[in-house]
Amino acid sequence: MDYAYTDDEIRFRDEVRAFLAKEWGPPDPVAGRDVHDAERERGFMSKVASRGWLTMGWPEEYGGTSFSPMERYILSQEMNRAGAPFPLYNVNVLGPLLIKFASDEAKSELLPRMRAGALKFVLGYTEPETGSDLASLRTRAERQGDGYVINGQKLYGLPHPADGDIIFLAARTDPDAPIRKGISIFLIDSSAEGVTVTQNRTLGGSHVGATYYDNVYVPASRRLGEENEGWRYIRECMDLDRVSGIPYAHFPVLFEMLVAFAAGHERDGRRLADEPWVIDRIGRLAIEVEAAQLLQEMMACKVYAGAEVHAESSIIKAYCTELESRLTEFGRELVGELAALTTEAGVDEFIGRLNFLSRLNVAMTIVGGTNEIQRNIIALQGLGLPRG
Amino acid sequence: MDYELNEPQRLLKRAAADFFAREYPLDRMRDFRHDPDTNERELWTAISAMGWNAAPFSEEIGGYPGSFMDAAVLLEEMGRGACASPFVHSAVAAGLALAEVNHPLVKAIAAGDAVTVMAPRTLLSSVQHSADGHLDGTCLAVPWVNLATHYLVPLGSQRYALVDAKAVTPDRLDSAGLDCIGRFELRDARVMDLLDPGDTGTVCGGAAVALVLLDAGSRSLDLAVAYAKDRIQFGKPIGSFQALQHKCADMLIALEAGRNLAYKAATLHGQEGFARLARYAKAYLGEAVPRVTRDAIQVHGGVGFIDDHKVQLCYRLALGLANSYGRPGDIRRDVAEIQIAAAGR
């Protein structure tokens, strides 16, 4: 048993850090999650692409580059730590999935854009009536000639779909089959005729899209894999996503910011960091941030070594998102009465950013399977408890 | 990075697991309380005969090749087995403190011939070191006074006096924990040696306790899950109810978060970072495992509260050890001070 990175892995981490310091900026738990500067992100992405980092682990004939699994993990951690945009889901999940199951036309059209970092996917799973119970989705896809006609509605495309994005849409192709057996996946242009996008502003300040499909025609070449096998591909996404669903490398940076704030501010002539309750919370959170890092590293190590994992990703999701909530809660207590101020209030940058994270974190315990669903998975798959 | 034990460690783990499953299952551990001194002595004789006491030490002084990591494997199985023995206190805490200062008593500890325990600094202990070098005072909550051959009595912050157990007449105290604990008076007691091992004993003891707690917690969760699958209420196994499922999920989350801290500490023994991780692990599991093992009783409902139920052993183990070798709150304070000082630079 060994928790240490090899010398090569440390060298690679330092290389990524140097790249990020030059091309993006210093580590920051908020940057890149808050205000999006599309121009800046495009420029950055082409530099990332030229390093071969967007096709890590893909087969060689599709432009795949040979980095070790731990290097892939380190890269994603460093991008997250720096708050840099990185299409991890494309690299780890959608790329390999398309290569395996998409039609030749779809592959030749979409993969080059993914390799260049110029393609955004929007997941079209959730509907007004189906959230955690995904398999009961209602959006319909009916055969028509060489293709399908789509009718229905999807919620929570993140970020809200822009022209040129591809919607990874789950729709029902066989309404008479058992619910998991009648779903197919389609790769739909968000600008296709009949697609309407509306925006909803969120608590986190960003926008999510609702998409409406009114007789949207999609050619069969844009169906992923076999008809009615969509549930299998959704499951495969979840399997491939076990490691990429780990965006918590910014915790140590956030924690350091909180400690620095406590060490650098006084109230009633007394330094915050000298308050007994502050001291205890700092000690507790230091330990929990370390535990979160190690949980992620060990799971990556297991997954990449081909070990069977059961509920690990659910454990990490529940633990880490709730730890982020405890971190921001501590920050708000340090800040006191000013905690509700946003960046726009223009009072203090740290306070505004903390406020942003406090709002964004509310989404984290919901997206990717609510933490209650994660606990169900832990109980059923991790502990083998009986279904209710 | 490697998540697996090596082959010798796997074999050692299996041997220890087999020993507890075959010779000392939880039912037998539970019955210790009817005649604790005899049962504890028998178990300790068996453990010593297997040579486990040498595990934590380096090979030069007769230890195992994997040293602390090998001991970690044994500590985990002792936790799973709710094992009541001086191993944590003698072979690991006092033993490694003595090894730190190259004391010859280590060989006897490794061979199982000596049992040395550190007397803790407690709320009610007080020891005076007289001008002529003798000790007077009271030591409380001293582990394993029934088997100890030597004591390390704390003087000041990091110095210890080595005292022959024959110099005192200890009383065993009634304890809800699994470890035997007692009290003794020092009256003009002779000091065999004065030692300054720094905080080695406390840090190593903390790392060891973390590992024992980890698997005691894990065993309690196994018992809770097995019970929840079997126990039928309202026509269904209670484990199918989400309230219990989520309680069990929370127990697993807490244990998995602590597991890496304890394992990483074990892999770092003798290297930079060991003390830090050992303290983190102790503080985290010292707080989490009493809660987890209590929740395991909660899952059992009323039957778990009856003294004959083995799920209690895990909670009792945690009650006894959670505050040994560093109270979680003290450790959090020390950790915070380091973080705050670093931020101020």
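Residues numbered from 1 in each chain as written. Chains lettered and ligands numbered in written order. Predicted model: local features only at pLDDT ≥ 70, side-chain atom pairs only at ≥ 80, totals over all residues.

1. Re the overall build of chain A
- Along chain A, the regular secondary structure elements total 11 helices and 10 strands.
- A compact globule built from 388 residues should have a C-alpha radius of gyration of about 21 Å, and chain A, at 22 Å, falls within 12% of that.
- Considering only C-alpha atoms, chain A reaches an extent of 75 × 50 × 45 Å along its principal axes.
- Across the 388 residues that make up chain A, the buried fraction comes to 44%.
- A sequence separation of at least 24 residues applies to 70% of the contacts in chain A between residues at least 6 apart. (Helix = DSSP H or I, 4+ residues; strand = E, 2+ residues; numbered from the N terminus. Rg over C-alpha atoms; globule rule 2.2 N^0.38 Å. Buried ≥ 20, exposed ≤ 12 C-beta atoms within 10 Å, placed from the backbone. Contact = placed C-beta atoms within 7 Å.)

2. Let's talk about the overall build of chain B
- Secondary structure summary: chain B contains 11 helices and 10 strands in total.
- Computed over its C-alpha atoms, the radius of gyration of chain B comes to 20 Å, within 12% of the 20 Å expected for a compact globule of 345 residues.
- A principal-axis box enclosing the C-alpha atoms of chain B has dimensions of 75 × 55 × 40 Å.
- When burial is assessed residue by residue, chain B has 54% of its 345 residues classed as buried.
- Taking the contacts inside chain B whose residues are at least 6 apart along the sequence as the reference set, 71% of them involve residues at least 24 apart.

3. Here we look at the interface of chain A and chain B
- Counting residues at the interface gives 42 residues for chain A and 40 residues for chain B.
- Among the elements of the structure, α7 (251–264), α8 (276–304), α9 (312–335) and α11 (371–382) of chain A are those that each provide at least two residues to the side of chain A that touches chain B.
- For the side of chain A that touches chain B, the element with the most residues is α8 of chain A, which contributes 15 residues.
- When its residues are assigned to classes, the side of chain A that touches chain B shows 28 nonpolar, five polar and nine charged. (Nonpolar A, V, L, I, M, F, W, Y, C, P; charged D, E, K, R; others polar.)

4. Concerning the domain arrangement of chain B
- Assigned domains of chain B: these are domain 1 (7–87 + 97–110), domain 2 (116–195) and domain 3 (200–344).
- Taken together, the residues of the side of domain 2 of chain B that touches domain 3 of chain B sort by class into five nonpolar, two polar and one charged. (Domains from an automatic or database assignment.)

5. What about the sheet that holds strand β8 (residues 193–195) of chain B?
Residue and element names in this part refer to chain B.
- Taken together, the four strands give an open sheet; going across it, the order is β1-β4-β5-β8, and neighbouring strands pair in mixed fashion. Strands with a single pairing partner mark the edges of an open sheet, and in this sheet they are β1 (116–118) and β8. Ignoring strand direction, the axes of neighbouring strands in this sheet form an average angle of 25 degrees.
- Along the sheet face, helix α5 (residues 87–100) touches β1 and β4 (150–155) and points at about 80 degrees away from the line of β1. (Pairing = 2+ DSSP bridges. Axes fitted to C-alpha atoms, helices over the stretch in contact; angles between N-to-C directions.)

6. Some thoughts on the environment of Phe32 of chain B
- Relative to the elements of secondary structure, Phe32 of chain B occurs in the loop between α2 (26–30) and α3 (36–49).
- Apart from residues lying up to four places away in sequence, Phe32 of chain B is in contact with Asn39, Glu40 and Ala84 of chain B.

7. Points about the domain arrangement of chain A
- What the domain assignment reports for chain A is domain 1 (7–86), domain 2 (121–228) and domain 3 (245–382).
- For domain 1 of chain A and domain 2 of chain A, the distance between their C-alpha centroids amounts to 29 Å.

8. Examining the sheet that holds strand β2 (residues 126–129) of chain B
Residues and elements named next belong to chain B.
- An order of β2-β3-β7-β6 is seen for the four strands of this open sheet, with the pairing classed as antiparallel. The outermost strands of the open sheet, each flanked by one partner alone, are β2 and β6 (171–173). Adjacent strand axes in the sheet meet at a mean angle of 25 degrees when their direction is disregarded.
- Sheet topology note: the β6/strand β7 (residues 181–189) ladder contains three bridges and is antiparallel. Bridging from a neighbouring strand, Arg172 pairs with Gly182 of β7.

9. What to know about the packing of α8 of chain A against helix α8 (residues 242–267) of chain B
- Packing of α8 of chain A against α8 of chain B leaves a shortest axis separation of 8 Å and a crossing angle of 85 degrees. In terms of orientation, α8 of chain A lies roughly perpendicular with respect to α8 of chain B. Along the contact surface, α8 of chain A presents Glu290, Ala291, Leu294, Leu295 and Met298 of chain A, while α8 of chain B presents Glu256, Ala257, Gly258, Asn260, Leu261 and Lys264 of chain B.
- In terms of residue class, the contact of α8 of chain A with α8 of chain B is made up of six nonpolar, two polar and three charged. (Parallel < 35°, antiparallel > 145°, perpendicular 65-115°, else oblique.)

10. A closer look at unusual backbone geometry
- The backbone phi angle of Asn215 of chain A is positive, close to 50 degrees, even though this residue is not glycine.
- Following the sequence through the fold, Asn215 of chain A ends up in strand β7 (residues 207–219).
- Asn215 of chain A sits in the exposed class, given 11 other C-beta atoms within 10 Å.
- The phi dihedral of Asn102 of chain B falls on the positive side, at around 55 degrees, and the residue is not glycine.
- Residue placement: Asn102 of chain B occurs in the loop between α5 and α6 (105–110).

11. Points about α11 of chain A
- In terms of burial, α11 of chain A is largely enclosed, as nine of its 12 residues are buried.
- Looking at α11 of chain A, one finds that the buried residues are Asn371, Gln374, Arg375, Asn376, Ile377, Ile378, Ala379, Leu380 and Gly382 of chain A.
- Packed against the buried residues of α11 of chain A are α9 of chain A together with α8 of chain B.
- Downstream of α11 of chain A by a residue or two, Gly384 of chain A has a phi angle that is positive, lying close to 70 degrees.

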